[in-house]
Amino acid sequence: MARIQGRFPGREAVDNLLAFLKWMMLALVCGLVIGLAGTAFHFCLDFAQRARQTYPWLIWLLPLGGVLITALYRWGGIQNDRGTNFVLIAVRANEKLSFKTAPLIFVSTFFTHLLGGSAGREGAALQLGGSLAAKLGRLLHLDEKDARILTMCGMSAAFSALFGTPVTSAIFSMEVISVGVMYYSAIVPCVLSAIVGNQVAALFGVQPVSFALAGVPELSAPGLARVILLGVLCAVLSILFCVCMHQSAALYKRLIPNKFLCAAVGGLLVALLTLAVGSRDYNGAGMEVIARAVAGQARPEAFALKLLFTALTLGAGFKGGEIVPAFFTGATFGNVMGKLLGLSPSFGAGLGLVALFCGVTNCPISSLMLSVELFGARGFPLFALVVAVSFMLSGYYGLYSEQKIIYSKFKPEFIDKKAE
């Protein structure tokens, strides 16, 4: 009887089928469980936003909120929280991701948004989904390699439940860990988990994030030149964004070593800056400002103020994430610069949002999927161009210091270095 490398014909196909069925079941369970958690998180953050808008005086409780968040992490035994970096390490090196991360990031992000800190929600979603999935993997006694895939499934499901972008969520979870090497073994479970998480959220009435672009140009030499120039500017801004996020935390630590005092001072600075600016646009995530920018309206200083507010908030120890603030910064910057370059402000905002996301995460494929899920397929070649330019010229900077850059952006060369 014919044999293939000592195995009976069809045995490998049977093993593959069993692996496929196993991951279909695990992804389904993961998507359901974490989709529910992500949906609850979405409603809590929506409540926090409404309460903050109804009671503007809550901003003056931000210093107390910072102290409370610091105390919660200390009581939880997490002295040196590294945020989303913990999730990246858990996938790449199989380090244990504590289940306590889930309730801590849930509660602390809620307080950050309720009291007016400038932060996103995607970093919290990645940590929430990753830690819940890691716990599920331990309960199911999965081996080391399977546990890593399930953690990525959890990241995909939570991100998708919050944003309604299942394809971006799945690809991002596989792409962000090690730039240049995709975890293709996770593609089926991550995609299914993301779709299920998204559908769970939809059943509870959570609407996906999407925008309508205006003024999408036809392909032309002047148009390509304008898009390339905007991509160059967004790459520079993405470097500045990453440096500010990292250096703000380092500066706080150097000037105010006591974490409780640091959080209180950071909260007070954000409250005073809000008073000085005279606008609440820069508190919370700022999705309303993003929508206005894509509709064609943005203040010229908005991108710089959001960057400052976010650095002051997250550097002091408040929780949330940097990606939605990066959306805000990119959309408002793209709106203003697009207008100056001769592009539609609306289309410039869309380009800026996607380009800055790519520059700070080093995830070009996820960025392309994001452009389609947020804006549709119109102008896709131009989005591809601005993403490519931003990815290359942003160098090796990134939001996540534990992200690995496997291959050079400038030549076919293996470099295996961490993001700066």
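This write-up is about the structure you can find in this document. (Residues numbered from 1 in each chain as written. Predicted model: local features only at pLDDT ≥ 70, side-chain atom pairs only at ≥ 80, totals over all residues. Heavy atoms only, no water.)

## Comments concerning helix α11 (residues 287-294)
For α11, the complete set of buried residues consists of M287, V289, I290, A293 and V294. The arc that holds every buried residue of α11, seen down its axis, measures 155 degrees, which confines them to one face. In this structure, the buried side of α11 is in contact with α13 (323-341), α14 (345-361) and α15 (364-375). Just downstream of α11 lies G296, where phi reads positive at about 115 degrees. (Buried < 20%, exposed > 50% of the residue type's maximum accessible area, 1.4 Å probe, protein only. Helix = DSSP H or I, 4+ residues; strand = E, 2+ residues; numbered from the N terminus. Arc of directions from axis to C-beta. Contact = heavy atoms within 4.5 Å.)

## Points about the pairing of strand β2 (residues 404-407)
Put simply, side chains in a regular strand alternate between the two faces of the sheet. In this sheet, β2 lies alongside strand β1 (residues 178-179) in parallel orientation, the contact comprising two bridges. Bridging across to β2, S178 finds its partner in K404. Where β2 meets strand β3 (residues 414-418), three bridges bridge the pair, whose relative direction is antiparallel. Following the sheet pairing, Y407 is matched in β3 by F414. Between β2 and β3, which pair antiparallel and follow one another directly, the connecting turn spans six residues. (Pairing = 2+ DSSP bridges.)

## Considering unusual backbone geometry
Here the phi dihedral of N362 falls at roughly 60 degrees; this positive angle occurs in a residue that is not glycine. With respect to the element layout, N362 can be found in the loop between α14 and α15. Phi at D416 is positive, roughly 50 degrees, even though this residue is not glycine. Along the polypeptide, D416 turns up in strand β3.

## Some words on the environment of G31
With respect to the element layout, G31 can be found in helix α1 (residues 11-54). With 316 residues separating them along the chain, G31 and F347 place their C-alpha atoms 34 Å apart. The contacts of G31, once residues within four sequence positions are left out, are A157, S193, V196, G197 and V200.

## Thoughts on the sheet that holds β2
Read from one edge to the other, the open sheet built from three strands follows the order β1-β2-β3, with strand pairing classed as mixed. Among the strands making up the open sheet, the edge pair consists of β1 and β3.

## Some thoughts on the pattern of salt bridges
For the coordinates displayed, the defined rule picks out eight salt bridges. Residue K22 is joined to D146 by a salt bridge in which the shortest nitrogen-to-oxygen separation is 2.8 Å. Placement of K22 in helix α1 and of D146 in helix α6 (residues 144-163) is noted, with a sequence separation of 124 residues between them. Residue class for K22 comes out partly exposed when judged on its relative accessible area of 34%. D146 sits in the buried class, given a relative accessible area of 15%. Linking K404 and D416 is a salt bridge whose minimum nitrogen-to-oxygen distance equals 3.3 Å. Taken together, the residues span a long stretch of sequence, with K404 in strand β2 and D416 in strand β3 at a distance of twelve residues. With relative accessibility at 18%, the residue K404 sits in the buried group. Relative accessible area serves as the criterion here: at 34%, D416 is assigned to the partly exposed category. (Salt bridge = Lys/Arg side-chain N within 4 Å of Asp/Glu carboxyl O.)

## Re the packing of aromatic side chains
On inspection of all chains with the given rule, the structure shows 17 aromatic pairs. On the basis of an interplanar angle of 10 degrees and a centroid distance of 5.7 Å, the ring pair of F375 and F383 is categorised as stacked. Given the relative accessible area of 8%, F375 is considered buried. Through successive ring pairs, a cluster of aromatic residues spans F159, F163, F172, F327 and F357. The ring of F163 carries the charged tip of R121 above its face, separated from the ring centre by 4.9 Å. Above the ring of Y73, the side-chain terminus of K319 is found at 4.6 Å from the ring centroid. (Phe/Tyr/Trp six-rings, centres within 6.5 Å; stacked < 30°, edge-to-face > 60°. Lys NZ or Arg CZ within 6 Å of the ring centre and 35° of its normal.)

## As for the nonpolar core
Counting residues in hydrophobic clusters, the biggest one holds 123 residues, and the most contacted among them are F172, I290, F327, L353 and F375. What F375 contacts, discounting residues up to four positions off in sequence, is F211, L213, V294, G350, L353, V354, L370 and F383. (Core = buried A, V, L, I, M, F, W, Y, C linked by side-chain atoms within 4.5 Å.)

## Looking at the side chain of N335
Note on placement: N335 falls in helix α13. A polar contact of 3.5 Å, which involves the side chain of N335, links it to the backbone oxygen of G296. Other than its neighbours up to four places away in sequence, N335 contacts A293, G296, Q297, A298, P345, G348 and A349. (Polar contact = N/O pair within 3.5 Å; in protein donor to acceptor, adjacent residues only side chain to side chain.)

## Observations concerning helix α8 (residues 187-203)
Between its terminal C-alpha atoms α8 stretches 24 Å, which fits the 24 Å expected from 17 residues at 1.5 Å a residue. All of the buried residues along α8 are P189, C190, S193, A194, V196, G197, N198, V200 and A201. Contact partners of the buried residues in α8: α1, α6 and α7 (166-175). In the stretch just after α8, G205 is the one whose phi turns positive, near 90 degrees. (Expected span 1.5 Å × (residues − 1).)

## What about the packing of α6 against α8?
Where α6 meets α8, the closest approach of the two axes is 7 Å, and the angle between their N-to-C directions is 30 degrees. Put simply, α6 runs roughly parallel to α8. The handedness of the crossing between α6 and α8 comes out as right-handed. Contact residues: I149, M152, C153, S156, A157, S160 and A161 in α6; P189, C190, S193, A194, G197, N198 and A201 in α8. (Axes fitted to C-alpha atoms, helices over the stretch in contact; angles between N-to-C directions. Parallel < 35°, antiparallel > 145°, perpendicular 65-115°, else oblique. Left-handed = near helix turned anticlockwise from the far one by under 90°.)

## Some thoughts on the environment of V191
By secondary structure assignment, the location of V191 is in helix α8. By relative accessible area, V191 is classed as partly exposed at 34%. A sequence separation of 18 residues divides V191 from S173, and the C-alpha atoms of the two residues are 9.9 Å apart.

None of the figures reported here should be taken as evidence of function without further support.
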